[in-house]
Amino acid sequence: MKKTKELILDTALQLFNNQGLSNVKLRTIAIEMGISQGNLNYHYKKREDIIEALYFQLVKNIDESFKLKKESKSVLHALFHISDTIMTNFYNHRFIFLDFVQIMRENKKIRTHYLKLTKQREHQFMQLFDLLIKDGFLRNPILENEYINLYKRTQIMSNFWISSAVINSKSISKKSISNYSELINQNIFPYLTKKGKAVYHSVLSC
């Protein structure tokens, strides 16, 4: 049985995702749970504390996907697995990305961590790209900073695909994940070798 603190996060996440950050206050969460705001404040004094907890919950979930890459058939399989896991987790915590700029402006702790994390993720993905080149799945770079820029383009698309889905469709569902996953995963296709393209097509056919 989940503890009250966990239930608060579950309820807040659902409300933030469905109603938007600006429409959900501590009182909204307490009413939805059927508890007093005083009880809620015992666990989380401010709404920002809940937002921070959900942000770090997301980060932890994604960190787990990098640990699982060792179980994949190849580094390229691992890359696609990580990409899909990240997008699923982004969808589950989509309020963060729908209100991304607001959160980064208002929460210094999250912004500082995010900027540091971005550098860490860049390093992790560059290691993956180096392994893909070594294993013959990716061609050698032609342009300066070619693979760093590939990572940065993919990161931008990953951070804002949810906003695009909502703007274009007025709603978002789990089906949106597969549609945008294909869009983002195709970023790497022009850089793949013949060997890499064969794996790419085999992943898509699964």
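Look above for the structure.
Keep in mind that this is a model prediction, so the values were computed, not measured. (Residues numbered from 1 in each chain as written. Predicted model: local features only at pLDDT ≥ 70, side-chain atom pairs only at ≥ 80, totals over all residues. Heavy atoms only, no water.)

1. Concerning helix α8 (residues 108-134)
Working step 1: Over its 27 residues, α8 runs 39 Å from end to end, which matches the ideal 39 Å to within 8%, given 1.5 Å per residue.
Working step 2: Considered for burial, the residues of α8 that qualify are Ile-110, Tyr-114, Leu-117, Thr-118, Arg-121, Glu-122, Gln-124, Phe-125, Met-126, Leu-128, Phe-129 and Leu-132.
Working step 3: Buried residues along α8 sit against α4 (47-67), α5 (75-92), α7 (100-106) and α9 (146-169).
Working step 4: Capping the start of α8 is the job of one residue whose side-chain oxygen sits 3.2 Å from the backbone nitrogen of Lys-109: Asn-107. (Helix = DSSP H or I, 4+ residues; strand = E, 2+ residues; numbered from the N terminus. Expected span 1.5 Å × (residues − 1). Buried < 20%, exposed > 50% of the residue type's maximum accessible area, 1.4 Å probe, protein only. Contact = heavy atoms within 4.5 Å. Polar contact = N/O pair within 3.5 Å; in protein donor to acceptor, adjacent residues only side chain to side chain.)

2. Topic: α5
Working step 1: Taking 1.5 Å per residue, 18 residues should reach 26 Å; α5 reaches 26 Å between its end C-alpha atoms and fits that length.
Working step 2: Along α5, the residues classified as buried are Val-75, Leu-76, Ala-78, Leu-79, Phe-80, Ile-82, Ser-83, Ile-86, Met-87, Asn-89, Phe-90 and Tyr-91.

3. Some points on the pattern of salt bridges
Working step 1: Throughout the structure, instances matching the rule amount to three salt bridges.
Working step 2: Ionic pairing is found between Glu-52 and Lys-109, a salt bridge with its closest N-O pair at 3.6 Å. Pair noted here: Glu-52 is in helix α4 and Lys-109 is in helix α8, with a separation of 57 residues, a long-range link.
Working step 3: Judged by relative accessible area, Glu-52 falls into the buried class, the value being 16%.
Working step 4: Where Asp-63 meets Arg-121, a salt bridge forms, and the shortest distance between an N and an O atom there is 2.9 Å. Here Arg-121 lies in helix α8 and Asp-63 lies in helix α4, a separation of 58 residues in the sequence. (Salt bridge = Lys/Arg side-chain N within 4 Å of Asp/Glu carboxyl O.)

4. Examining the layout of surface pockets
Working step 1: Each pocket or cavity is described by its volume, and for the largest pocket that value is around 200 Å³.
Working step 2: Lining the largest pocket are Phe-80, Asp-84, Ile-177, Ser-178, Ser-181, Glu-182, Asn-185, Tyr-200, Val-203 and Leu-204.
Working step 3: Where the lining of the largest pocket is concerned, the elements lending two or more residues are α5, α10 (174-185) and α11 (194-204).
Working step 4: Ranked by residue count, the leading element in the lining of the largest pocket is α10, at five residues.
Working step 5: A per-class count over the lining of the largest pocket returns five nonpolar, three polar and two charged. (1 Å grid on protein atoms, 1.4 Å probe; cavity = no way out; pocket = protein on both sides within 12 Å on 5 of 7 lines; lining within 4 Å. Points joined across faces, edges and corners; volume = space filled by probe spheres on them. Nonpolar A, V, L, I, M, F, W, Y, C, P; charged D, E, K, R; others polar.)

5. With respect to the nonpolar core
Working step 1: Phe-16, Ile-50, Phe-129 and Trp-161 are the most contacted members of the largest nonpolar core, which has 61 residues in total.
Working step 2: Element by element, the count of residues in this core is highest for α5, at nine residues.
Working step 3: Here Trp-161 is in contact with Met-87, Phe-90, Tyr-91, Ile-172, Ser-176, Ile-177, Tyr-180 and Ile-184, once residues within four sequence places are set aside. (Core = buried A, V, L, I, M, F, W, Y, C linked by side-chain atoms within 4.5 Å.)

6. Some remarks on empty space enclosed by the protein
Working step 1: A full pass over the atoms with the stated rule returns two cavities of 30 Å³ or more.
Working step 2: In this structure, the largest cavity spans a volume of roughly 530 Å³.
Working step 3: In this structure, the largest cavity is lined by 28 residues; those nearest its centre are Ile-86, Phe-125, Tyr-151, Gln-155 and Ser-158.
Working step 4: Breaking the lining of the largest cavity down by element, the ones donating at least two residues are α4, α5, α6 (94-98), α8, α9 and α10.
Working step 5: Looking at the lining of the largest cavity residue by residue, the class counts come to 19 nonpolar, eight polar and one charged.

7. Regarding the side chain of Asn-89
Working step 1: Along the chain, Asn-89 turns up in helix α5.
Working step 2: Polar contacts involving the side chain of Asn-89 include one to the side chain of Asn-61, which spans 3.3 Å.
Working step 3: Leave out the neighbours within four places in its chain, and Asn-89 touches Leu-58, Asn-61 and Ile-62.

8. Structural notes on the packing of α8 against α9
Working step 1: At a minimum axis distance of 10 Å, the contact between α8 and α9 shows a crossing angle of 125°. Comparing the axis directions of α8 and α9 gives the class oblique. α9 is crossed by α8, and the crossing has right-handed handedness. Listed contacts from α9 to Tyr-114, Thr-118, Arg-121, Glu-122, Phe-125, Met-126, Phe-129 and Ile-133 of α8 are Tyr-147, Ile-148, Leu-150, Tyr-151, Lys-152, Gln-155 and Asn-159.
Working step 2: Here the residues of the contact of α8 with α9 are counted per class, giving nine nonpolar, three polar and three charged. (Axes fitted to C-alpha atoms, helices over the stretch in contact; angles between N-to-C directions. Parallel < 35°, antiparallel > 145°, perpendicular 65-115°, else oblique. Left-handed = near helix turned anticlockwise from the far one by under 90°.)

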